[in-house]
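Fold and contact review
Residue strings, one per chain:
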Amino acid sequence: MNKETIVVIGSGPAGWTAAIYAARANLNPLVFEGAGSRTMIPGGQLMFTTDVENYPGFPDGIGGIEMMTDFRNQALRFDTRVVTEDIEEVDFSSRPFRLRSSGGQELLAETVVLATGANARWLGVPGEERLAQSGGGVSACAVCDGALPHFRGQVVAVVGGGDSAMEEALYMTKFASEVLLVHRRDELRASQIMQERALASEKMTFLWNSVVEEVLGDDVITGLRLRDTVTGERREVEVGGMFVAIGHDPNTGFLRGQIDLKDNGYVRLPTPWRTETNVPGVFAAGDVMDDYYRQAVSAAGTGCMAALEAERFLAHG
Ligand code: NAP
């Protein structure tokens, strides 16, 4: 069985940054970039983002796909090896760790960087996925996409009733003419302070007991077909954008029982400002451990930290 010095699992900003740092430190990293599925492809969530305007160093912005291709190429430039498969099973009970990939490959690893990210939850209704992938005004991240010119002065919808939805909706009041908050119940889940802020906003309109049944529009979103959960009544509203804010799921299913996870499934990091997990030699970076910032730049930063910690761990144990 092959024994690797460092294996990086995941290929978003955290994974590629860890690989770049590890490769430049001559650790000869092996990256499992993921096999790809309907909701997650190698490159991670940025592969679903049309324009990245808040990553420093790109004054004119950059496409999400282009950015992740550049990250990948930068890692390859330093001879990072890449396997287009998932890691499906890990055994962290002793070192070297044992890993098994979706292609059936078994290997040993001295250190592991977990960078498998999180998936935004989607509604799964007709029109949603198509218009999200084509940049047609459907997004799961207002902070990433909301400032784009085509949302300015528009009526936009934000779906969800938690803190994320309130935050995204309040953020969108800066650009939109009106924000429709679509929630499936008549009571918000969000914290009191976020509720108060949202309810006080003159630009927000709450559509209670409402679920989205279909996202309308060919190339660009034009409206939503809504159903009232109490009366069953259906109606259409015109919108120029929809932001889905119904939570995220970290990609940690394959780690259960092997590593300490938080109640919400994210990897727990026991020491502040460190990416080490409760298993010595296993580090976590990016959205797989971050349920708070969830930004490309913060993910890249923690990827760098994880590689440096792995390097020091290998040198000093
Ligand atoms: P969340 O608290 O789980 O809320 C998800 C919301 O989406 C709920 O209102 C839920 O409705 C709704 N929802 C879920 N599935 C749905 C579906 N299929 N269709 C329609 N609606 C659906 O998630 P979150 O808002 O992302 O927050 C996650 C955690 O991060 C929370 O602990 C939150 O406090 C924290 N957070 C904090 C801040 C902040 O403090 N600034 C900002 C963002 C997030 P129901 O209410 O009916 O279940």
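See the structure shown above.
Thresholds, definitions, all that
Residues numbered from 1 in each chain as written. Predicted model: local features only at pLDDT ≥ 70, side-chain atom pairs only at ≥ 80, totals over all residues. Heavy atoms only, no water. Helix = DSSP H or I, 4+ residues; strand = E, 2+ residues; numbered from the N terminus. Rg over C-alpha atoms; globule rule 2.2 N^0.38 Å. Buried < 20%, exposed > 50% of the residue type's maximum accessible area, 1.4 Å probe, protein only. Contact = heavy atoms within 4.5 Å. Lys, Arg positive; Asp, Glu negative; His and termini not counted. Charge placed at Lys NZ, Arg CZ, Asp CG, Glu CD. Pairing = 2+ DSSP bridges. Right-handed = clockwise from strand over helix to strand, strands pointing away. Axes fitted to C-alpha atoms, helices over the stretch in contact; angles between N-to-C directions. Expected span 1.5 Å × (residues − 1). Arc of directions from axis to C-beta. Phe/Tyr/Trp six-rings, centres within 6.5 Å; stacked < 30°, edge-to-face > 60°. Lys NZ or Arg CZ within 6 Å of the ring centre and 35° of its normal. Salt bridge = Lys/Arg side-chain N within 4 Å of Asp/Glu carboxyl O. Disulfide = S-S within 2.5 Å. Near = heavy atom within 4 Å. Polar contact = N/O pair within 3.5 Å; in protein donor to acceptor, adjacent residues only side chain to side chain. Areas by Shrake-Rupley, 256 points an atom, 1.4 Å probe, with all protein chains shown as cover. Nonpolar A, V, L, I, M, F, W, Y, C, P; charged D, E, K, R; others polar.

Attention now moves to the overall build of the protein chain. Summing up its helical and strand segments, the protein chain has seven helices and 19 strands in all. A compact globule built from 317 residues would reach a C-alpha radius of gyration of about 20 Å, and the protein chain, at 21 Å, matches this within 12%. Across its three principal axes, the protein chain shows a C-alpha extent of roughly 60 × 40 × 35 Å. Looking at the protein chain residue by residue over its 317 residues, the buried ones come to 51%. Put simply, of all contacts in the protein chain between residues at least 6 apart along the chain, 60% involve residues at least 24 apart. One way to put it: in the protein chain the 28 positive side-chain charges average out to a point 4 Å from where the 43 negative ones average out.

Take the pairing of strand 1 (residues 2–9) next. By the bridge criterion, seven bridges tie strand 1 to strand 8 (residues 106–114) in an arrangement that is parallel. Counted as the bridge partner of Val-7 is Val-112 from strand 8. When strand 1 meets strand 2 (residues 30–32), the two strands line up parallel, connected through three bridges. Bridge pairing in strand 2 links Ile-9 to Phe-32. Read from strand 1 through helix 1 (residues 13–24) to strand 2, the crossover connection turns out right-handed.

So, about the sheet that holds strand 14 (residues 210–216). Taken in spatial order, the three strands make up an open sheet running 14-15-16, and their pairing is antiparallel. Each of the sheet's edge strands pairs with one partner strand only, and the pair in question is strand 14 and strand 16 (234–238). Each strand of the sheet is rotated relative to its neighbour by a mean of 30 degrees, with strand direction disregarded. Bridge count between strand 14 and strand 15 (residues 223–228): six bridges; the pairing is antiparallel. For Val-212, the partnering residue across the bridge sits in strand 15 and is Leu-226.

Right, let's talk about helix 2 (residues 64–77) for a bit. Relative to the 20 Å expected for 14 residues at 1.5 Å per residue, helix 2 spans 20 Å between its end C-alpha atoms, a close match to the ideal helical length. Taken residue by residue, helix 2 has Gly-64, Met-67, Met-68, Phe-71 and Ala-75 as its buried positions. With its buried residues spanning 95 degrees around the axis, helix 2 presents them on a single face. Taken together, the buried residues of helix 2 touch helix 1, strand 3 (51–52), strand 4 (62–63) and helix 7 (296–316).

As a further point, take the packing of aromatic side chains. A complete count under the given rule lists eight aromatic pairs for this structure. Here Phe-92 and Phe-97 contribute two aromatic rings whose centre-to-centre distance is 5.2 Å and whose plane-to-plane angle is 70 degrees, an arrangement assigned as edge-to-face. Exposure class is identical for Phe-92 and Phe-97. Each is buried. Taken together, a centroid distance of 6.2 Å and an interplanar angle of 75 degrees make the contact between Phe-283 and Phe-313 edge-to-face. In this pair, Phe-283 is assigned in strand 19 (residues 282–284) and Phe-313 in helix 7, connecting sequence segments 30 residues apart. Side by side, Phe-283 and Phe-313 carry an identical accessibility label, which is buried. Each member of the aromatic cluster is reached from another via a ring pair, and the members are Tyr-55, Phe-58 and Phe-71. One cation-aromatic arrangement involves Arg-24 over Phe-78; the distance from NZ or CZ to the ring centre is 5.5 Å.

Our focus in this paragraph is the pattern of salt bridges. Throughout the structure, instances matching the rule amount to 13 salt bridges. As a salt-bridge pair, Glu-213 and Arg-234 come within 2.6 Å of each other at their nearest N and O atoms. Here Arg-234 lies in strand 16 and Glu-213 lies in strand 14, a separation of 21 residues in the sequence. Residue Arg-234 is classed as exposed on the basis of its relative accessible area of 53%. Where Arg-225 meets Glu-214, a salt bridge forms, and the shortest distance between an N and an O atom there is 2.8 Å. Of this pair, Arg-225 sits in strand 15 while Glu-214 is found in strand 14, placing the two residues 11 residues apart along the sequence.

Applying the stated criterion across every chain yields a total of one disulfide. The disulfide partner of Cys-141 is Cys-144, and the S-S distance across this bridge is 2.0 Å. Residues Cys-141 and Cys-144 share a disulfide whose torsion about the S-S bond is about 75 degrees; that sign makes it right-handed.

Now for the site of the ligand. Surrounding the ligand, one finds 13 residues, the nearest of these being Asp-163, Ser-164, Arg-184, Arg-185 and Arg-189. Interatomic distance of 2.7 Å between a side-chain N/O atom of Arg-185 and an oxygen atom of the ligand. Here an oxygen atom of the ligand sits 2.6 Å away from a polar atom, N or O, in the side chain of Arg-189. Here the ligand, which alone exposes 910 Å², has 68% of that area covered by the protein. Looking at the shell around the ligand residue by residue, the class counts come to two nonpolar, six polar and five charged.

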